[in-house]
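# Structural description and commentary
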Amino acid sequence: MRAICVDDEKLVLEDTVALLASMPEISNVKGFCTCGEALHYIESGEKVDVAFLDVQMGDMNGVALARRLKILSPCLNIIFLTGYSQYMKQALDLHVSGYLLKPVTAADVRRELAELRHPVTIPDQGIRMKAFGHFEAFADGKPIVFEREKAKELLALLVDRQGASLSTEQMATVLWENKHYDRSVKNQLTTVIACLQRALREVGAENILVKTWGHLAVDTTKFTCDAYDYRAGKPWAMNQFSGEYMTNYSWAEERVGAFLFKNE
């Protein structure tokens, strides 16, 4: 998500911007020493998801700045950063997303980002894998169509392994758990892999597959995945997990515990 930070104390501003920039949840952050600069930035049409505002500043009170910003961008999340607690009621009256007392820690910020009043949604662009609940794969927001269900399951398995390479025998063992790895199963796997390649090729995403001799993997940099974002601690993904992971595949049941443990 994109953020701005406004504080008239330069050293405090630099420290806060550095803290925000180090967090994987924040993709872009701009710092401003004056309220006027922040207003000009928003007025210019720049997209901002959350604004971290000091309350006591020279050119304009932070609460007044918040009111102006909410007029310009009604869905902007406001989080106050201050050394004083007496502005809490005013903040609540503005329906802001958070109120943090300085000094602020990364844990403080992550807690507030996980409870934003206006949650930041992920745009439906590119290739996206949905692992929580029923596994689905999307291209620009539309489900990818597979000729065979096993091709979809193979993609799910590769996504689950997070870029680790699987041999043909390992893939077959999971996909046909009750069958001996013989010529028949090998031929079926060859057909399934070809089907998976066609489905991805049709949406311009065949490059997510990494093929080596007798092995297959996915390039995790070529797509997004809610489970990956969850492991990275991204707030929007933390709120998506409800105890279900790739529920259409029995082999994925053993993975749920790892997510439940992380969420404790």
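Note that the coordinates shown come from a computational prediction; the quantities given were computed from them, not determined experimentally. (Residues numbered from 1 in each chain as written. Predicted model: local features only at pLDDT ≥ 70, side-chain atom pairs only at ≥ 80, totals over all residues. Heavy atoms only, no water.)

## Topic: the pairing of strand S11 (residues 215-218)
Here strand S9 (residues 166-167) runs beside S11; their pairing, made up of two bridges, is antiparallel. In the sheet register, Leu-166 faces S11, and the bridge partner there is Leu-216. Pairing geometry for strand S10 (residues 209-212) and S11, over four bridges, is antiparallel. Directly across from Leu-209, in S11, lies its bridge partner Val-218. Counting the residues in the hairpin turn of S10 and S11 gives two residues, including Gly-214, whose phi is positive at 75 degrees. (Pairing = 2+ DSSP bridges. Helix = DSSP H or I, 4+ residues; strand = E, 2+ residues; numbered from the N terminus.)

## Points about the sheet that holds strand S5 (residues 98-101)
Read from one edge to the other, the open sheet built from five strands follows the order S2-S1-S3-S4-S5, with strand pairing classed as parallel. Of all strands in the sheet, those with a lone pairing partner are strand S2 (28-32) and S5, marking the two edges. Taking the axes of each pair of neighbouring strands and ignoring which way they run, one obtains an average angle of 20 degrees across the sheet. (Axes fitted to C-alpha atoms, helices over the stretch in contact; angles between N-to-C directions.)

## Quick look at the packing of aromatic side chains
Enumeration according to the criterion identifies six aromatic pairs in this entry. Measuring from ring centre to ring centre gives 6.5 Å for Phe-135 and Tyr-249, while their planes differ by 50 degrees; the resulting arrangement is tilted. In this pair, Phe-135 is assigned in the loop between strand S6 (127-130) and strand S7 (136-139) and Tyr-249 in the loop between helix H10 (235-238) and helix H11 (256-262), connecting sequence segments 114 residues apart. Of the two residues examined, Phe-135 and Tyr-249, each falls in the buried class. Ring centres 5.6 Å apart and planes at 5 degrees place the aromatic pair Tyr-249 and Trp-251 in the stacked group. Residues Tyr-249 and Trp-251 agree in their burial class; the two are buried. Each member of the aromatic cluster is reached from another via a ring pair, and the members are Phe-135, Tyr-249 and Trp-251. (Phe/Tyr/Trp six-rings, centres within 6.5 Å; stacked < 30°, edge-to-face > 60°. Buried < 20%, exposed > 50% of the residue type's maximum accessible area, 1.4 Å probe, protein only.)

## Observations concerning the pairing of S7
With four bridges connecting them, S6 and S7 associate as antiparallel partners. The residue of S7 that forms the bridge with Ile-127 is Ala-139. The antiparallel pairing of S7 with strand S8 (residues 142-143) creates a hairpin that spans two residues between the two strands, and Asp-140 there sits at a positive phi of about 50 degrees.

## Regarding the side chain of Asn-77
Note on placement: Asn-77 falls in strand S4 (residues 77-82). Exposure remark for Asn-77: the relative accessible area of 1% places this residue in the buried category. In this structure the side chain of Asn-77 is engaged in a polar contact, spanning 3.3 Å, whose partner is the backbone nitrogen of Arg-117. Those residues in contact with Asn-77 that lie beyond four places of it in its chain are Asp-49, Val-50, Ala-51, Ser-97, Leu-116, Arg-117, His-118 and Val-120. (Polar contact = N/O pair within 3.5 Å; in protein donor to acceptor, adjacent residues only side chain to side chain. Contact = heavy atoms within 4.5 Å.)

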